[in-house]
Amino acid sequence: MLALPVRAETVPAGAYLIQEGEPPENACLLLSGAGCREKTANLGSRQILAVHFQGDLLGFDCVLLQTVDYSVRSLSLSDVAFVSNQALLDLAFQYPNVGRALWRETLVEASIAREWIANVGQRDARQRISHLICEVALRQARVEQREKLTIQWPFSQEQVGDATGLTPVHVNRTIHGLMSSGLIETDLSSITILNWQALQDAGHFSPTYLNLQ
């Protein structure tokens, strides 16, 4: 895979890496920073479907489709590498272990997507935001090989609302509630988790769906 031709770019926050409705020509490997997968709904409203960090390969799941049905945008200044989906597909057929790894990647993404649907559809505001914080903490800790107690928080309050189906006012109130309960501290750009077990309990969070093993 390292021998495949790639186009590397540094992009600012808010840049489109993949756009909904385009043909799935390229996959995007996130080398640093953070990004999100999203869909545009009626009247331009947005639903964030997933958050992505260093090492995530985006866009390959649509390689056999005519168009990409979601967009990917950067949440922060990010380094990305674009690689041809066709080249990845050819590699997958040539080397079965590579194909199996790419297949597993799409299955993990599907597992995370199912959990996000359950989070928005079946949990209250406190549970949704606690669950999101727990996921971001574990995924950042794995990438950075460190403890999960302090995390970089790439979201604005509006973006947290887009990810959890809440208004910015409700997001602000809920985060202050978590702070008042002694679960977290935040300076907007980072979150410090003060009680990991209590935060997991608050979000009904189990990391099984992340398949981090």
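Structure: above.
So, how was this worked out
- Residues numbered from 1 in each chain as written.
- Predicted model: local features only at pLDDT ≥ 70, side-chain atom pairs only at ≥ 80, totals over all residues.
- Heavy atoms only, no water.
- Pairing = 2+ DSSP bridges.
- Helix = DSSP H or I, 4+ residues; strand = E, 2+ residues; numbered from the N terminus.
- Axes fitted to C-alpha atoms, helices over the stretch in contact; angles between N-to-C directions.
- Phe/Tyr/Trp six-rings, centres within 6.5 Å; stacked < 30°, edge-to-face > 60°.
- Buried < 20%, exposed > 50% of the residue type's maximum accessible area, 1.4 Å probe, protein only.
- Lys NZ or Arg CZ within 6 Å of the ring centre and 35° of its normal.

## Focus on the sheet that holds strand β4 (residues 34-40)
Reasoning step 1: An order of β2-β7-β4-β5 is seen for the 4 strands of this open sheet, with the pairing classed as antiparallel. Two strands close off the open sheet at either side, each with one partner strand: β2 (16-18) and β5 (46-53). Sheet twist, expressed as the average angle between the axes of neighbouring strands with direction ignored, equals 35°.
Reasoning step 2: In the sheet, β4 pairs with β5 via 7 bridges, with the strands oriented antiparallel. Bridge pairing in β5 links Cys 36 to Val 51.

## Some thoughts on the packing of aromatic side chains
The way to describe two aromatic rings as a pair is by their centre distance and the angle between their planes.
Reasoning step 1: Scanning the model with the defined rule gives 3 aromatic pairs in all.
Reasoning step 2: Relative to Phe 155, the ring of Trp 153 lies with its centre 5.0 Å away and its plane at 65°, an arrangement referred to as edge-to-face.
Reasoning step 3: Given the relative accessible area of 8%, Trp 153 is considered buried.
Reasoning step 4: In this structure Phe 155 comes out as buried when scored by relative accessible area, which is 5%.
Reasoning step 5: Relative to Tyr 209, the ring of Phe 205 has its centre 6.0 Å away and its plane inclined at 85°; by these criteria the two rings are edge-to-face.
Reasoning step 6: Classification of Tyr 209 as buried rests on a relative accessible area of 6%.
Reasoning step 7: Every member of this aromatic cluster is reached through a ring pair, and the members are Trp 196, Phe 205 and Tyr 209.
Reasoning step 8: Here the basic side chain of Arg 37 rests over the ring of Tyr 70, its NZ or CZ set 4.4 Å away from the ring centre.
Reasoning step 9: Above the ring of Tyr 16, the side-chain terminus of Arg 73 is found at 5.1 Å from the ring centroid.

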